[in-house]
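Chains, contacts and geometry: an overview
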Amino acid sequence: MHSSSSLHKSLFDERRLHLGRLIGGDNFSKNLCYEIHTLSLSLLWFDSKLIEPSSSLLYPLTKSVKEYGRSNTVFAAKRLIGRKYSDPVVQKDKKLWPFNVVVGVNDKPMIVVKYKGEKKRLCAEEVSSMILVKMREVAEAYLKSHVKNAVVTVPAYFNYSQRKPTKDAGAIAGLNFMRIINETIATAIAYGLEKRTNCVEKRNIFIFYLGGGTFDVSLLTIKDKDFKVKATAGDTHLGGEDFDNRMVNYMVHEFKRKNKVDISGNPKARRRALTFASQLITRTKFEEINMELFQKCMEIVNSFLTYANMNKRDVHDVVLVGGSSRIPKVQHLLQNFFEGKHLCKSINLDEADAYGEAVQAILLGE
């Protein structure tokens, strides 16, 4: 019915990395971009073949594990990055997760996991660093050399308190983040390269990025070999996870109405509710349940263009990125907003920012 990264994407968050040697020079650039871009893409789906739980805290997150609410399965840690435990957003999210989140020093949210029979508390940065370590190991095996530098993307609306912990996660993993760039800018880089060859006149490109946990929009202009990002905006807490939660809440409400039993406080039951929701809820009902969130996306688009001083009729291309942008109703609303304009899907919805990261890393290495 719809694509949700909460069911299909990475272990602890959906952050994508470009990892590798930053080698400059024209003789290497094209080959390196292809080589490392290929590596980046392969990492997007490597989560089903990781280290077993007996030997590491890092273990596979499969659809079945997540659906049935194993309390030791951690995901969506990005939503905790840079936030306080007392943050209303954290308090709301923790009720929806099968794993436990408790308060730590200085009001820092800590994820509780069981490791070798003992309970261990991890902050979001530590969880992310485990992913980075594994990705670095895969990169080094692929490149047959040591990896020290990396380029990472974050949601466009990540503030300093969220970007700094992201950088800290890299340091914990032994990586030097050469640059932290916005996901939409990485997409703009990828799309800009695609359009450079035949873009003689200036074109205004609107990037619509709706992923598993965040929603970002960007506006850029392209002319000849130059492209410039004019503005970015978004919501760090709007995406596939929220659509899933709306469906779960609907199923919980229906179960209570019919059976007089409240399962809202049972994480395992909530995850099962999501499984049943994907099987029982029709597309029409799904759209009805989530229409408020879809409309919120359109409101952000409208206010963003006003802020950027850009008339929607002056936008030449509307580019879709992110798994949740596949939702038909979202595409319908967006196309209506732009008065029937064709929506560009020529770049891979899931891989665009990884490609942009690869290009950025090469430019940094020149």
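Residues numbered from 1 in each chain as written. Predicted model: local features only at pLDDT ≥ 70, side-chain atom pairs only at ≥ 80, totals over all residues. Heavy atoms only, no water.

Considering the pattern of salt bridges
Threshold: Salt bridges, as used here, are contacts in which a Lys or Arg side-chain nitrogen is within 4 Å of a carboxyl oxygen on Asp or Glu. Numbering of helices and strands runs from the N terminus; a helix is a DSSP stretch of H or I covering at least four residues, while a strand is a stretch of E covering at least two. Categorising residues by exposure relies on relative accessible area from a 1.4 Å probe, with only protein chains included: less than 20% of the type maximum marks a residue as buried, more than 50% marks it as exposed, and the intermediate range marks it as partly exposed.
Going through the model one piece at a time under the given rule, you end up with 13 salt bridges. For Arg-79, the salt bridge goes to Asp-242, with nearest N and O atoms at 2.6 Å. Residue Arg-79 is found in the loop between helix H3 (63–67) and helix H4 (88–94), and its partner Asp-242 is found in helix H8 (residues 240–259); the two are separated by 163 residues along the sequence. With a relative accessible area of 11%, Asp-242 lands in the buried category. Across the pair Asp-168 and Lys-164 runs a salt bridge whose closest N-O atoms are separated by 3.3 Å. Within this pair, Asp-168 and its partner Lys-164 are both found in helix H6 (residues 160–172), separated by four residues, close to a single helical turn.

Quick word on the confidence of the model for the protein
Applicable threshold: How sure the predictor is of each residue is captured by pLDDT, a score from 0 to 100. The contact criterion used is simple: two residues touch if any of their non-hydrogen atoms lie within 4.5 Å.
For the protein, the mean per-residue pLDDT works out to 77, and 77% of the residues sit at or above 70. Within the protein, helix H11 (residues 328–337) carries the highest mean pLDDT (97), whereas helix H1 (residues 5–8) carries the lowest (30). Segment residues 1–69: pLDDT under 50, and 191 contacts once partners within four positions in sequence are set aside and those in other chains are kept.

Structural notes on the nonpolar core
Nonpolar side chains tend to gather and get buried jointly when the protein is soluble and globular. How we decide: By nonpolar core we mean a set of buried residues, namely Ala, Val, Leu, Ile, Met, Phe, Trp, Tyr and Cys, connected to one another through side-chain atoms within 4.5 Å.
One finds Phe-206, Phe-208 and Val-301 to be the most contacted residues of the largest nonpolar core, which totals 42 residues. Elements that contribute at least two residues to this core include exactly strand E7 (203–210), strand E8 (215–223), strand E9 (226–235), H8, helix H9 (267–280), helix H10 (283–307), strand E10 (317–321) and H11. Tallying contributions element by element places H10 first for this core, with 10 residues. Val-74, Val-90, Val-127 and Phe-158 belong to the second-largest nonpolar core, a separate cluster that totals 19 residues.

Focus: the sheet that holds E9
As a reminder, the rule being used: Between any two strands, at least two bridges found by DSSP are needed for them to pair.
On the basis of which strands lie adjacent, the open sheet formed by five strands has the order E9-E8-E7-E10-E11 and mixed pairing. Where the open sheet ends on each side, the last strands, each with one partner, are E9 and strand E11 (343–344). Relative to E8, E7 runs antiparallel, the two sharing eight bridges. Looking at E8, one finds that Leu-210 is bridged to Phe-215.

Some points on unusual backbone geometry
Negative phi is the rule for most residues except glycine; trans is the rule for most peptide bonds. The residue Asp-107 is not glycine, and still its phi comes out positive at about 65°. With respect to the helices and strands, Asp-107 occurs in the loop between strand E2 (100–103) and strand E3 (109–115). Of note, Glu-339 is a non-glycine position whose phi angle comes to about 55°, a positive value. Secondary-structure assignment places Glu-339 in the loop between H11 and E11.

Thoughts on the packing of aromatic side chains
So the rule is basically this: Whether two aromatic rings pair depends on their centres lying within 6.5 Å, for rings of Phe, Tyr and Trp, where Trp uses its six-membered ring; planes under 30 degrees apart make the pair stacked, over 60 edge-to-face, and the rest tilted. Over a ring means this: the NZ of a Lys or the CZ of an Arg is within 6 Å of the ring centre and within 35 degrees of the ring normal.
This model, assessed by the stated rule, comprises seven aromatic pairs. Here Phe-337 and Phe-338 contribute two aromatic rings whose centre-to-centre distance is 5.1 Å and whose plane-to-plane angle is 80°, an arrangement assigned as edge-to-face. Take Phe-337: its relative accessible area is 15%, and that puts it in the buried class. Phe-338 gets classed as buried once you look at its relative accessible area, which sits at 4%. In this structure an aromatic cluster arises from ring pairing among Phe-206, Phe-304, Phe-337 and Phe-338. Here the basic side chain of Lys-312 rests over the ring of Phe-337, its NZ or CZ set 4.6 Å away from the ring centre.

Focus: H10
Put simply, the rule reads: Under the convention used throughout, the expected extent of a helix is 1.5 Å for every residue step, that is, one less than its residue count. In this scheme, the bend at a residue equals the angle between the axes fitted to the seven residues that finish there and the seven that begin there.
The terminal C-alpha atoms of H10 lie 33 Å apart, and with 25 residues this matches the ideal 36 Å at 1.5 Å per residue to within 8%. The principal kink in H10, of about 60°, is found at Asn-290. Taken residue by residue, H10 has Phe-286, Glu-287, Ile-289, Asn-290, Leu-293, Phe-294, Cys-297, Met-298, Ile-300, Val-301, Phe-304 and Leu-305 as its buried positions. Looking at the buried side of H10, the elements it contacts are E7, E8, E9, H8 and H11. Looking at the residues trailing H10, positive phi occurs at Asn-309, about 55°.

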